[in-house]
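Residues per chain, in single letters:
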Amino acid sequence: MTTPSGDAARPVPVRVVLPADPLLGHPEQEILARLWKRRQTETGWVYLVGLPSYRDLEDGRVEAAEYRVWVRAPDHVRPVDGVDYDQVPTEPLPPAPPTSTVREVLGERRPSGWVLAKVREGRGPARGVLHTPDCEEAPQGAPLLDLEHALNVAENPGTRLCTLCGCAQELTPMLNGFDHITDS
């Protein structure tokens, strides 16, 4: 529920629990304060309360004042019997963004594309290994290849497809067709 905010809302009475002070020997106390707003956070609810206080004026006089502070509910606040809290401005936690069913089932996606690790062993044509960008064996800073370029590189007889990262499982059906896949 969201209700009016700002000065248009009128505060309502609430009891605020003040902490005990063992140094002075004071027990925990409750005082009547004004509830201005409540907000839901990741760790629970907090209430903006106005505690009665005094302030010094420049001319040396003292006047009544209000000290506003956020306190944890229900640890530091208690309702006052007979008070309706429905009109207190309330900020609920915004709803979590919806998660995709596909994302839930498949998990996070890996970065798109492929990278080529060039391997030169002695004389002869250059050899290479195609990897996914997040593969442990993938070279850092190698250019990212789109699907068409990756398939062209994969058709080279000197290129091997990495089985550690799944590159082989992704590209082999596209190179050889899906008919060769068996139940084994």
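Up top you'll find the structure we're talking about.
The written sequence of each chain sets the order in which its residues are numbered from 1. Since the coordinates come from a predicted model, pLDDT governs what is reported: local features require at least 70, and pairs of side-chain atoms require 80 or more to be given and counted, while whole-chain, interface and lining totals use all residues. Water and hydrogen atoms were dropped before computing side-chain values, which therefore reflect all heavy atoms in the structure.

Asks: Would you take a moment to explain the overall build of the protein for this structure?
Replies: Helices and strands together make up the secondary structure of the protein, namely three helices and nine strands. Listed by position from the N terminus, the elements making up the protein come as β-β-β-β-β-β-α-β-β-α-β-α. Burial here depends on accessible area, computed with a 1.4 Å probe over protein chains only, as a share of the maximum for the residue type. Under 20% is buried, over 50% is exposed, and the range in between is partly exposed. When burial is assessed residue by residue, the protein has 27% of its 184 residues classed as buried. Within the protein, contacts between residues separated by at least 24 positions form 48% of all contacts whose residues are at least 6 apart in sequence. Helix numbers and strand numbers start at the N terminus; a helix is a DSSP run of H or I with at least 4 residues, a strand a run of E with at least 2. Whether two residues touch is decided by their heavy atoms; if any such pair falls within 4.5 Å, the residues are in contact.

Asks: So what exactly am I meant to see when it comes to the pattern of salt bridges here?
Replies: Close approach of charged atoms lets side chains of opposite charge pair. What counts as a salt bridge is simple: a side-chain nitrogen of Lys or Arg found within 4 Å of a carboxyl oxygen of Asp or Glu. Under the counting rule described, the total for this entry stands at seven salt bridges. Among the ionic pairs, Glu-30 bridges to Arg-78, the shortest N-O distance being 4.0 Å. Here Glu-30, found in strand E2 (residues 29–41), pairs with Arg-78, found in strand E5 (residues 77–78); they are 48 residues apart in sequence, far enough to count as distant. You can call Arg-78 partly exposed: its relative accessible area is 31%. Salt-bridge contacts for Glu-66 lead to Arg-34; the nearest nitrogen and oxygen are separated by 2.7 Å. Residue Glu-66 is found in strand E4 (residues 62–73), and its partner Arg-34 is found in strand E2; the two are separated by 32 residues along the sequence. In this structure, a network of salt bridges that share partners links the residues Arg-34, Glu-66 and Arg-68.

Asks: What am I meant to see in the packing of aromatic side chains here?
Replies: Where two aromatic rings form a pair, the distance of their centres and the angle of their planes describe that pair. Here a pair means two rings of Phe, Tyr or Trp (six-membered ring of Trp) with centres within 6.5 Å. Their orientation is stacked below 30 degrees between planes, edge-to-face above 60, and tilted elsewhere. One pass over the structure, following the stated rule, counts zero aromatic pairs. The residue whose ring lies beneath Arg-68 is Trp-36, and the NZ or CZ to ring-centre distance is 3.6 Å. Think of it as a cone above the ring: NZ of Lys or CZ of Arg counts as a charge over the ring if it is within 6 Å of the ring centre and within 35 degrees of the ring normal.

Asks: Even after reading the chapter, I still don't get the environment of Gln-140, so can you show me in this structure?
Replies: Mapped onto the secondary structure, Gln-140 falls in the loop between strand E8 (127–131) and helix H2 (147–154). Judged by its relative accessible area of 76%, Gln-140 falls in the exposed class.

Asks: Explanation requested: the packing of H2 against helix H3 (residues 167–176) in the structure shown.
Replies: Each pair of packed helices can be summarised by the angle the axes make with each other and by the distance between the axes. The angle between two axes is taken between their N-to-C directions and runs from 0 to 180 degrees, where each axis is a line fitted to C-alpha atoms and a helix contributes only its stretch in contact. At a closest axis distance of 10 Å, the pairing of H2 and H3 adopts a crossing angle of 75°. By the angle class used here, H2 and H3 are roughly perpendicular. Here Leu-147, Ala-150, Leu-151 and Ala-154 of H2 come into contact with H3, specifically with Leu-171, Met-174 and Leu-175. Nonpolar residues are Ala, Val, Leu, Ile, Met, Phe, Trp, Tyr, Cys and Pro. Charged residues are Asp, Glu, Lys and Arg, and all others, Gly as well, are polar. For the contact of H2 with H3, the residue count by class is seven nonpolar, no polar and no charged. By definition in this entry, angles of less than 35 degrees are roughly parallel, angles greater than 145 are roughly antiparallel, angles of 65 to 115 are roughly perpendicular, and the rest are oblique.

Asks: Looking at this model, I keep getting lost on H2. Mind explaining?
Replies: Think of an α-helix as 3.6 residues a turn; residues three or four steps apart then line up on the same face. For H2, the set of buried residues is Ala-150, Leu-151 and Ala-154. One side of H2 holds all its buried residues, which, seen down the axis, span an arc of 100°. Considering only its buried residues, H2 is in contact with E8, strand E9 (159–161) and H3. An arc is given here, and it is the one of the directions from the helix axis to the C-beta atoms.

Asks: Even after reading the chapter, I still don't get unusual backbone geometry, so can you show me in this structure?
Replies: Negative phi characterises most residues that are not glycine, and trans characterises most peptide bonds. Going from Ala-73 to Pro-74, the amide bond is cis rather than trans, its omega being 0°. Note that Pro-74 resides in the loop between E4 and E5.

Asks: How should I be thinking about the nonpolar core in this particular structure?
Replies: Most often, soluble globular proteins have nonpolar side chains that are buried together. In this text, buried Ala, Val, Leu, Ile, Met, Phe, Trp, Tyr and Cys residues form a nonpolar core when linked through side-chain atoms within 4.5 Å. Residues Trp-114, Leu-130, Ala-150, Leu-161, Cys-162, Cys-167 and Leu-171 are the most contacted members of the largest nonpolar core, which totals 16 residues. Going through the elements one at a time, E8, H2 and H3 are the ones with two or more residues in this core. Discounting chain neighbours no more than four positions away, the residues touching Leu-161 are Leu-130, Ala-154, Cys-167, Ala-168, Leu-171, Thr-172 and Leu-175. Among the nonpolar cores identified, the runner-up in size contains 14 residues, and Val-12, Val-16, Val-49 and Val-80 belong to it.

Asks: I keep staring at the sheet that holds E9 and nothing clicks. Help me out?
Replies: In a beta sheet, neighbouring strands pair by backbone hydrogen bonds and run either parallel or antiparallel. A sheet is described by the order of its strands in space; here three strands give the open sequence E7-E8-E9, paired in mixed fashion. Two strands in the sheet have a free side with no partner beyond their single neighbour: strand E7 (115–119) and E9. For this sheet, the mean angle separating the axes of adjacent strands, direction not counted, is 25°. The strands touched by H3 are E8 and E9; relative to E9, the strand with the most contacts, the crossing angle is about 115°. Here, strands pair whenever DSSP counts at least two bridges between them.

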